[in-house]
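# Examination of the molecular architecture
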Amino acid sequence: MTIHSVVIQKLLSTNAHLGRRVVADHLKSYTYGIRNGMAILDSDKTLISLRTACAFIGALAHQNARFMFVNTNPLYDEIFDQMTKKIDLYNPNQNTLWRTGGFLTNSRSPKKFRSRNKKLCFAPPVPPDCVVILDTERKSSVVLEADRLQIPVVAIVDSSMPLDIYKRIAYPIPANDSAQFVYLFCNLITKTFLKEQKKFAKQADSTKIENPEEVKRVEESKSKSESEVEVVVVPYESLAPISGHDWEIRDMLDKLVVLKFNGSLGTEIGFNGPKSAIDICKGSTLLDLIVNQIASLNSKYGCRVPLLLLNTDKTNDGTVKVLEKHPKSNIVMLNRQTSENESYPSDHDMVCLSLLNGGTLDVLLSQGKEYVLVVGSDNVAAVVDPNILYHLIQNQMEYCMEVTQTTLFDMDNSILNSHQQKFKLAEIARNSAEHVLIDKSKLSDKFKLIDTRSLWVNLRAIKRLVDTNALNIEDYSVSKGGKNDQILSPKTAAGSAIRFFDRAIGINVPQSRYLPMNATSDLLLLQSDLYTSHDGVLARNSARTNPLNPSIDLGPEFGKVSDFLSRFKSFPSIIELDSLKVTGDVWFGADITLKGRVNIVAKPGMKLEIPDGVVLHNKDISDPMDI
């Protein structure tokens with residue numbers, strides 16, 4: 001028995017030859033005849049069509065093209081899922097990046113979907129390079145859409161397929177769409193893909209070996225000690241203002257995407273949920289501020305800057321509740337799977353680079369995005385600043401970290417506000433907690449700048465690093481509708497990713513743009529009359545003449561958010577306050593004003609109540625008689 005005979009017998013065993021009772025004129029060339037009132041399809045011609053279709057799919061797979069597989073028949077679901085998992089391609093049943101309804105003609109206007117588990121997502125901005133349809137009779141609308149955009153279609157057709165649908169299919173496969181034949185067809189596609197993907201991987205490896213210059217440069221940068229890496233810091237005041245028409249600013253902002261880290265929990269301050277869901281300023285949460293800020297930017301310039309939220313399993317539900325107030329916002333939620341005792345990565349620039357090493361990066365680039373602004377989870381004063389984006393585009397910068405001066409360094413080195421300087425990464429504190437623990441007399445010797453946890457990265461530069469495999473990927477994953485991306489989480493210095501980029505700078509932003517919320521004392525600053533918010537941007541009360549915020553130290557009785565809120569009838573006025581220290585069981589009345597230096601200590605076992613309307617100016621209070 002020849003190989004051809006074996007293959008034909010395999011086709012016959014799948015009932016691929018059984019057609020319908022009606023045979024369309026344009027499909028009679030594929031039929032062998034009529035038996036018992038049923039068309040018999042020619043298995044030889046089915047085999048030829050199968051080979052031609054697989055050859056076409058293999059040629060596209062070798063070029064790393066985009067595919068979409070369409071199926072609405074529940075009988076094929078398990079077969080369909082196994083195939084898409086093995087070849088690692090999009091499955092419209094599991095992956096929210098592809099939607100069959102209007103997935104092509106509506107792709108220029110990405111939609112936002114809300115599924116039963118309340119996760120937000122958006123449709124793809126570009127169509128695929130090929131559409132493969134298993135149940136063509138049910139998906140004639142997809143064929144029409146693909147034909148309109150001149151996308152080749154590979155589809156199984158039966159003997160009664162209408163002519164207006166058949167003529168739009170580039171590679172028809174005449175066969176009975178039985179479960180056995182669909183399994184055979186998907187198996188052939190899987191083998192074709194795996195073969196071509198293996199060839200593509202070998203070709204990519206050979207390209208890296210032939211052109212090792214980029215890898216060599218990155219390896220040299222890795223070998224550098226992080227303490228020796230220097231960054232040029234540019235004063236924010238020296239940035240050129242944006243020039244041009246509104247439509248030019250709109251086009252510039254359309255190149256931006258904002259990625260907000262949202263993995264910090266409020267457990268340290270007794271809040272059950274994500275820290276971004278705590279009310280911080282006149283009823284607005286940290287999440288409200290960033291959403292309103294981007295919405296205001298989009299409304300002002302007519303642009304479409306999307307917001308990506310990187311959640312964990314523990315922060316997702318609380319985040320969804322906050323976002324219910326913003327149903328029209330362009331928000332995408334990325335969910336990171338975490339283990340029980342795993343903490344959220346601290347070095348978020350490396351995490352960002354690794355996160356984008358996957359489908360997310362390709363989707364953003366296909367949307368025309370060029371820069372991503374990564375915002376840390378704790379800084380409530382972060383600003384999406386078009387002036388910084390304009391400077392980066394005009395100077396073709398690949399990486400920019402926002403920094404601000406430490407208090408003592410600001411007092412002793414005002415020259416940085418007008419001239420750029422070089423700093424080593426070891427001189428930049430990663431966060432506020434890192435430099436607060438240092439003795440203040442030695443602060444300027446240890447750290448001169450603070451990383452505000454806001455950084456700007458060029459997406460094409462990331463793509464270059466990804467293509468050269470310059471980033472070492474660890475076993476972390478981010479789930480996005482079933483698609484896994486990878487994450488780095490090394491313990492490195494602030495801005496450690498800067499050494500991978502050719503053109504990198506730091507920008508010395510005003511200290512008002514860095515206000516971390518790590519304790520209830522920070523919450524008092526925000527809830528008082530010292531701060532207000534407008535369009536999502538925090539603004540400090542202009543009546544305060546001191547450029548520094550008051551120093552506030554609240555005792556453990558104020559450590560939890562619920563206890564903190566219960567101990568204030570209303571929040572005191574602190575516009576003229578220099579420092580406040582509260583120890584013990586202290587309760588504040590309404591309309592209290594604090595000025596200068598105030599120290600309140602309740603003795604053990606004593607409940608000390610500060611009466612309504614009192615003004616405390618440079619007071620040390622340990623007894624009601626001291627008020």
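Residues numbered from 1 in each chain as written. Predicted model: local features only at pLDDT ≥ 70, side-chain atom pairs only at ≥ 80, totals over all residues. Heavy atoms only, no water.

## What about the overall build of the protein chain?
For the protein chain, the helix and strand inventory stands at 19 helices and 30 strands. Split into buried and exposed, the 627 residues of the protein chain put 51% on the buried side. For the protein chain, long-range pairs separated by at least 24 residues make up 67% of all intrachain contacts whose partners lie at least 6 apart in sequence. Entry remark: accessible area of the protein chain is about 29,300 Å², with carbon and sulfur atoms responsible for 49%. (Helix = DSSP H or I, 4+ residues; strand = E, 2+ residues; numbered from the N terminus. Buried < 20%, exposed > 50% of the residue type's maximum accessible area, 1.4 Å probe, protein only. Contact = heavy atoms within 4.5 Å. Areas by Shrake-Rupley, 256 points an atom, 1.4 Å probe, with all protein chains shown as cover.)

## What to know about the packing of aromatic side chains
The final tally for this structure, using the stated rule, is eleven aromatic pairs. Linked through ring pairs, Phe 558, Phe 564, Phe 568, Phe 571 and Phe 588 together constitute an aromatic cluster. The ring of Tyr 236 carries Arg 513 above its face, with NZ or CZ at 4.6 Å from the centroid. Above the ring of Trp 587, the side-chain terminus of Arg 567 is found at 4.5 Å from the ring centroid. (Phe/Tyr/Trp six-rings, centres within 6.5 Å; stacked < 30°, edge-to-face > 60°. Lys NZ or Arg CZ within 6 Å of the ring centre and 35° of its normal.)

## Considering helix H9 (residues 286-301)
The terminal C-alpha atoms of H9 lie 23 Å apart, and with 16 residues this matches the ideal 22 Å at 1.5 Å per residue to within 8%. Looking only at H9, the buried set comprises Leu 286, Leu 287, Asp 288, Leu 289, Ile 290, Val 291, Gln 293, Ile 294, Leu 297, Asn 298 and Tyr 301. (Expected span 1.5 Å × (residues − 1).)

## Some words on the pattern of salt bridges
A complete count under the given rule lists 14 salt bridges for this structure. Between Arg 464 and Glu 398 there is a salt bridge, with the nearest N and O atoms lying 3.0 Å from each other. Of this pair, Arg 464 sits in helix H17 (residues 459-467) while Glu 398 is found in the loop between helix H13 (386-394) and strand E16 (399-405), placing the two residues 66 residues apart along the sequence. On the basis of relative accessible area, Arg 464 is assigned to the partly exposed category, the value being 22%. Glu 609 is the partner of Lys 607 in a salt bridge, and the nearest nitrogen-oxygen pair spans 3.6 Å. Residue classification places Lys 607 among the partly exposed positions, given a relative accessible area of 48%. Taken together, the salt bridges that share partners define one network made up of Glu 398, Arg 464 and Asp 502. (Salt bridge = Lys/Arg side-chain N within 4 Å of Asp/Glu carboxyl O.)

## Some remarks on the environment of Gly 302
Within the fold, Gly 302 resides in the loop between H9 and strand E13 (307-312). In this structure Gly 302 comes out as partly exposed when scored by relative accessible area, which is 46%. The spatial distance from the C-alpha of Gly 302 to the C-alpha of Ile 249 is 9.3 Å, given a sequence separation of 53 residues. If we skip the residues at most four places from it in the chain, Gly 302 touches Arg 250 and Leu 297.

## A closer look at the sheet that holds strand E6 (residues 130-133)
A sheet is described by the order of its strands in space; here four strands give the open sequence E3-E6-E7-E8, paired in parallel fashion. For this open sheet the edge positions go to strand E3 (67-70) and strand E8 (171-174), each flanked by a neighbour on one side alone. When strand polarity is set aside, the average angle formed by the axes of neighbouring strands in this sheet is 15 degrees. Pairing geometry for E3 and E6, over four bridges, is parallel. Directly across from Phe 67, in E6, lies its bridge partner Cys 130. Those strands touched by helix H2 (residues 43-62) are E3, E6, strand E7 (153-157) and E8, and its axis lies near 145 degrees from that of E8. (Pairing = 2+ DSSP bridges. Axes fitted to C-alpha atoms, helices over the stretch in contact; angles between N-to-C directions.)

## Section: the environment of Asn 311
One can find Asn 311 in strand E13. When the C-alpha atoms of Asn 311 and Asn 262 are compared, they prove to be 5.0 Å apart, with 49 residues separating the residues in sequence. In terms of polar contacts, Asn 311 uses its side chain to reach the side chain of Asn 262, at 2.8 Å. (Polar contact = N/O pair within 3.5 Å; in protein donor to acceptor, adjacent residues only side chain to side chain.)

## Some details on the packing of H9 against helix H10 (residues 313-323)
Running from amino to carboxyl end, H9 crosses H10 at an angle of 55 degrees, the nearest separation of the two axes being 10 Å. It follows from the interaxial angle that H9 and H10 lie oblique. Seen along the crossing, H9 lies across H10 with a hand that is right-handed. Each of Leu 287, Asp 288 and Val 291 in H9 lies in contact with H10, whose residues at this interface are Thr 319, Val 322 and Leu 323. The residue makeup of the contact of H9 with H10, split by class, is four nonpolar, one polar and one charged. (Parallel < 35°, antiparallel > 145°, perpendicular 65-115°, else oblique. Left-handed = near helix turned anticlockwise from the far one by under 90°. Nonpolar A, V, L, I, M, F, W, Y, C, P; charged D, E, K, R; others polar.)

## Observations regarding the confidence of the model for the protein chain
Here the protein chain averages 76 in pLDDT, while 71% of its residues score no lower than 70. Across the protein chain, the element-wise mean pLDDT spans from 38 in strand E5 (residues 120-122) up to 94 in strand E28 (residues 593-601). Predicted confidence is poor over residues 432-444, with pLDDT under 50, and the contacts of this stretch with residues over four places away or in other chains come to 18 contacts. (pLDDT = per-residue confidence, 0-100.)

## Quick notes on empty space enclosed by the protein
On inspection of all chains with the given rule, the structure shows three cavities of 30 Å³ or more. Roughly 60 Å³ of internal volume is contained in the largest cavity. Lining of the largest cavity is provided by Lys 260, Leu 286, Leu 289, Ile 290, Gln 293, Val 375, Asn 379, Val 380, Ala 382 and Gly 536. Classifying every residue of the lining of the largest cavity by side-chain character gives six nonpolar, three polar and one charged. (1 Å grid on protein atoms, 1.4 Å probe; cavity = no way out; pocket = protein on both sides within 12 Å on 5 of 7 lines; lining within 4 Å. Points joined across faces, edges and corners; volume = space filled by probe spheres on them.)

## Brief notes about the sheet that holds strand E26 (residues 577-583)
The parallel open sheet is built from four strands, whose spatial order is E25-E26-E28-E30. This sheet does not close on itself; its edge strands, each paired only once, are strand E25 (551-554) and strand E30 (615-621). Put simply, the sheet's adjacent strands are angled 20 degrees from each other on average, direction ignored. Pairing geometry for E25 and E26, over four bridges, is parallel. Bridging from a neighbouring strand, Ser 551 pairs with Ser 579 of E26. Each of E25 and E26 is contacted by helix H18 (residues 520-527), which is oriented at about 130 degrees to E25, the strand it contacts most.

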